[in-house]
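The chain contents come next:
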Amino acid sequence: MECLDSSYASLKRDTKDPFKTPEEKAMPDKLRFYRPISTRSDRFAKPTIWENARRHFYWAVRARIAKSAALVDIAEASPNSTVECRIQSLDSLVQIDSKPEYRKIAEALEKLDLSQTIIQLKVGHFLHRRSN
């Protein structure tokens, strides 16, 4: 921090001066202000926010992967359908709440058996191709 901010460097240098009294060496308020965030004791003001962060992101990624895999399966079965249509059909199969939890989404998508839906989509795609 000293090499980045000359005023911080001069304040810190003054606190280490051997000719100053202990009162003068006391860390001034300005130095506390300039102190880098990594040395502040209050840098984690709200630890409860990040308490479950790793778990949250784990389930978010797992839900995203499960949803992507299901959408790929649906896309292979019905290549002419739009992305919105695929998402809508997947959401109707899983029945996700408006305020979902990633863990519930991931578990629901992983338990979901798409085999009947894939067969119906393939038959529908085949019949559509034959009629054209």
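Cut-off values and rules
Residues numbered from 1 in each chain as written. Predicted model: local features only at pLDDT ≥ 70, side-chain atom pairs only at ≥ 80, totals over all residues. Heavy atoms only, no water. Helix = DSSP H or I, 4+ residues; strand = E, 2+ residues; numbered from the N terminus. Buried < 20%, exposed > 50% of the residue type's maximum accessible area, 1.4 Å probe, protein only. Contact = heavy atoms within 4.5 Å. Patch = residues over 30% accessible without salt bridge, like charges linked within 9 Å, V, L, I, M, F, W, Y side chains within 5 Å. Areas by Shrake-Rupley, 256 points an atom, 1.4 Å probe, with all protein chains shown as cover. Salt bridge = Lys/Arg side-chain N within 4 Å of Asp/Glu carboxyl O. Expected span 1.5 Å × (residues − 1). Arc of directions from axis to C-beta.

## Observations concerning the overall build of the protein
Phase 1 of the analysis: Helix and strand counts for the protein stand at eight helices and zero strands.
Phase 2 of the analysis: Seen in sequence order, the protein has helices and strands lined up from the N terminus as α-α-α-α-α-α-α-α.
Phase 3 of the analysis: The burial tally for the protein puts 21% of its 132 residues in the buried class.
Phase 4 of the analysis: A sequence separation of at least 24 residues applies to 47% of the contacts in the protein between residues at least 6 apart.

## As for a nonpolar patch on the surface
Phase 1 of the analysis: Among the surface-exposed residues, I119, V123, F126 and L127 lie close enough to one another that they form a single nonpolar patch of about 380 Å² accessible area.
Phase 2 of the analysis: Within the secondary structure layout, V123 lies in helix α8 (residues 115–131).

## A word on the pattern of salt bridges
Phase 1 of the analysis: Taken as a whole and assessed by the stated rule, the structure comprises four salt bridges.
Phase 2 of the analysis: Among the ionic pairs, K67 bridges to D91, the shortest N-O distance being 4.0 Å. Here K67, found in helix α5 (residues 53–77), pairs with D91, found in helix α6 (residues 83–94); they are 24 residues apart in sequence, far enough to count as distant.
Phase 3 of the analysis: For K67, a relative accessible area of 27% gives the class partly exposed.
Phase 4 of the analysis: On the basis of relative accessibility, which here comes to 31%, the residue D91 falls in the partly exposed class.
Phase 5 of the analysis: Linking E101 and K104 is a salt bridge whose minimum nitrogen-to-oxygen distance equals 4.0 Å.

## Points about the environment of P79
Phase 1 of the analysis: Residue placement: P79 occurs in the loop between α5 and α6.
Phase 2 of the analysis: Taking relative accessible area as the criterion, P79 reaches 44% and is therefore assigned partly exposed.
Phase 3 of the analysis: Remark: the alpha-carbon pair of P79 and K122, spanning 43 residues in sequence, is separated by 9.3 Å.

## Quick look at α6
Phase 1 of the analysis: Over its 12 residues, α6 runs 17 Å from end to end, which matches the ideal 16 Å to within 8%, given 1.5 Å per residue.
Phase 2 of the analysis: Buried residues of α6: R86, L90 and V94, and no others. Down the axis of α6, the sector holding all buried residues measures 60°, keeping them to one side. In α6, the exposed residues that point more than 90 degrees away from the buried face are E84 and Q88.
Phase 3 of the analysis: Contacts made by the buried residues of α6 are with α5 and α7 (102–111).
Phase 4 of the analysis: Taken from the residues just after α6, Q95 is the one with a positive phi, measuring 55°.

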